Amino acid sequence: GENVEQHPSTLSVQEGDSAVIKCTYSDSASNYFPWYKQELGKRPQLIIDIRSNVGEKKDQRIAVTLNKTAKHFSLHITETQPEDSAVYFCAASILGGSQGNLIFGKGTKLSVKP
Amino acid sequence: NAGVTQTPKFQVLKTGQSMTLQCAQDMNHEYMSWYRQDPGMGLRLIHYSVGAGITDQGEVPNGYNVSRSTTEDFPLRLLSAAPSQTSVYFCASRPAGGTQYFGPGTRLTVL
């Protein structure tokens, strides 16, 4: 089955700096890669996703890149703000198949220092 | 739409007790799943369903049962609670090919 590795497990940056979180996946059939943000005591919420027919996707200060050959994808946050502090999870899935379950990485705790 | 709802929000059980965590969604989503979240372990898939009457095991299914008699509901049953099942449980749903939404979670403590 699918296995997703996520690094780093913790990341501390100064406000205004960029943050990068990286994930690798094992199943070459995976074609959908979402990123979730989870604030303390709350549910995970989708912040951005990418499908395998696209190499990069941006939404304001957030971008995701995908390298299908190397089977890795990354989350980039520019101009970080204190409200970006949270735990971020990457996931991989096969959309359109009989399962389509999201398999998650173990998470990255991002701290943005004012 | 209420989205994905879960009850209860908090629960304390004694070892050996059984209980059912409730999950419902009003978005007519085909896929529903249960995850548990433990510190440093991320979100691990317990069981999932691709439609009414169809369920299957995820990564960590032992000690849990599920059923899916309707599109809307996907309860998770703990057969005989153990301290190792202390965790936060999230239910999630999504349409085929679409975004997955999570419920607010149930924080379970087993003494």
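1. Some remarks on the sheet that holds strand 8 (residues 76-78) of chain B
All names here are of chain B.
- Here we have four strands laid out as an open sheet, ordered 1-3-8-7, and antiparallel in their pairing. For this open sheet the edge positions go to strand 1 (4-7) and strand 7 (64-66), each flanked by a neighbour on one side alone. Across the sheet, the axes of successive neighbouring strands diverge by a mean angle of 20°, strand direction being ignored.
- The pairing of strand 7 with strand 8 spans three bridges and is classified as antiparallel.

2. What to know about the interface of chain B and chain A
- Contacts between the two partners involve 21 residues from chain B and, on the opposite side, 22 residues from chain A.
- In this assembly, chain B packs against chain A so that about 1700 Å² is buried in total across both faces, 52% of it on carbon and sulfur atoms.
- At the junction of chain B with chain A, the criterion picks out zero salt bridges.
- At the surface where chain B touches chain A, the tally comes to four residue pairs in polar contact (both at pLDDT 80 or more).
- Mapped onto the side of chain B that touches chain A, the elements with two or more residues apiece are strand 4 (31-38), strand 5 (42-51) and strand 9 (87-94) of chain B.
- In terms of residue count, strand 5 of chain B provides more of the side of chain B that touches chain A than any other element does, five residues in total.
- Tallied by class, residues from the side of chain B that touches chain A come to eleven nonpolar, eight polar and two charged.

3. Some details on the state of the cysteines
- By the definition in use, this model includes two disulfides over all chains.
- Between the sulfur atoms of C23 of chain A and its disulfide mate C90 of chain A the distance is 1.9 Å. Given an S-S torsion of about -100°, the disulfide between C23 of chain A and C90 of chain A has left-handed geometry. One end of the pair, C23 of chain A, is in strand 3 (residues 19-25); the other, C90 of chain A, is in strand 9 (residues 86-92), and 67 residues separate them in sequence. Here C23 of chain A matches C90 of chain A in class, with each residue buried.
- A disulfide bridge connects C23 of chain B with C91 of chain B, and the sulfur atoms are separated by 1.8 Å. Negative torsions about the S-S bond denote left-handed disulfides, and the value of about -70° found for C23 of chain B with C91 of chain B makes this one left-handed. Taken together, the positions of C23 of chain B in strand 3 (residues 19-25) and C91 of chain B in strand 9 put the pair 68 residues apart, joining distant regions of the chain.

4. So, the sheet that holds strand 3 of chain A
Residue and element names in this part refer to chain A.
- With antiparallel pairing, the five strands of this open sheet are ordered in space as 1-3-8-7-6. Looking along the sheet, the strands with just one partner apiece sit at the ends: strand 1 (4-7) and strand 6 (56-59). Between one strand axis and the next, the sheet turns by 15° as a mean value, whatever way the strands run.
- Inspection of the sheet shows strand 6 paired to strand 7 (residues 62-67) by four bridges, in the antiparallel sense. Its bridge partner lying in strand 7, E56 is registered against T65.

5. Structural notes on the pattern of salt bridges
Residue and element names in this part refer to chain A.
- Scanning the entire structure with this criterion turns up six salt bridges over all chains.
- With a closest N to O distance of 3.8 Å, K42 and E39 form a salt bridge.
- Judged by relative accessible area, which is 48%, K42 ranks as partly exposed.
- A salt bridge links D49 to K57, with the shortest nitrogen-to-oxygen separation between them at 2.9 Å.

6. Notes on the side chain of D49 of chain A
- In this fold, D49 of chain A is placed in strand 5 (residues 45-51).
- Here Y32 of chain A takes part through its side chain, which lies 2.8 Å from a polar atom of the side chain of D49 of chain A.
- Beyond its immediate stretch of four places on either side in the chain, D49 of chain A contacts Y32, F33, P34, K57 and V64 of chain A together with T99 of chain B.

7. A look at unusual backbone geometry
- Omega for the peptide link from H7 of chain A to P8 of chain A comes to -5°, which places this bond in the cis form.
- Inspection of the secondary structure puts P8 of chain A in the loop between strand 1 and strand 2 (10-14).
- Of note, the bond from T7 of chain B into P8 of chain B is cis; its omega dihedral lies within 30 degrees of zero at -5°.
- For P8 of chain B, the location among the structural elements is in the loop between strand 1 and strand 2 (10-13).

The rules behind the values
Residues numbered from 1 in each chain as written. Chains lettered and ligands numbered in written order. Predicted model: local features only at pLDDT ≥ 70, side-chain atom pairs only at ≥ 80, totals over all residues. Heavy atoms only, no water. Pairing = 2+ DSSP bridges. Helix = DSSP H or I, 4+ residues; strand = E, 2+ residues; numbered from the N terminus. Axes fitted to C-alpha atoms, helices over the stretch in contact; angles between N-to-C directions. Contact = heavy atoms within 4.5 Å. Buried area = accessible area lost by both parts, 1.4 Å probe. Salt bridge = Lys/Arg side-chain N within 4 Å of Asp/Glu carboxyl O. Polar contact = N/O pair within 3.5 Å; in protein donor to acceptor, adjacent residues only side chain to side chain. Nonpolar A, V, L, I, M, F, W, Y, C, P; charged D, E, K, R; others polar. Disulfide = S-S within 2.5 Å. Buried < 20%, exposed > 50% of the residue type's maximum accessible area, 1.4 Å probe, protein only.

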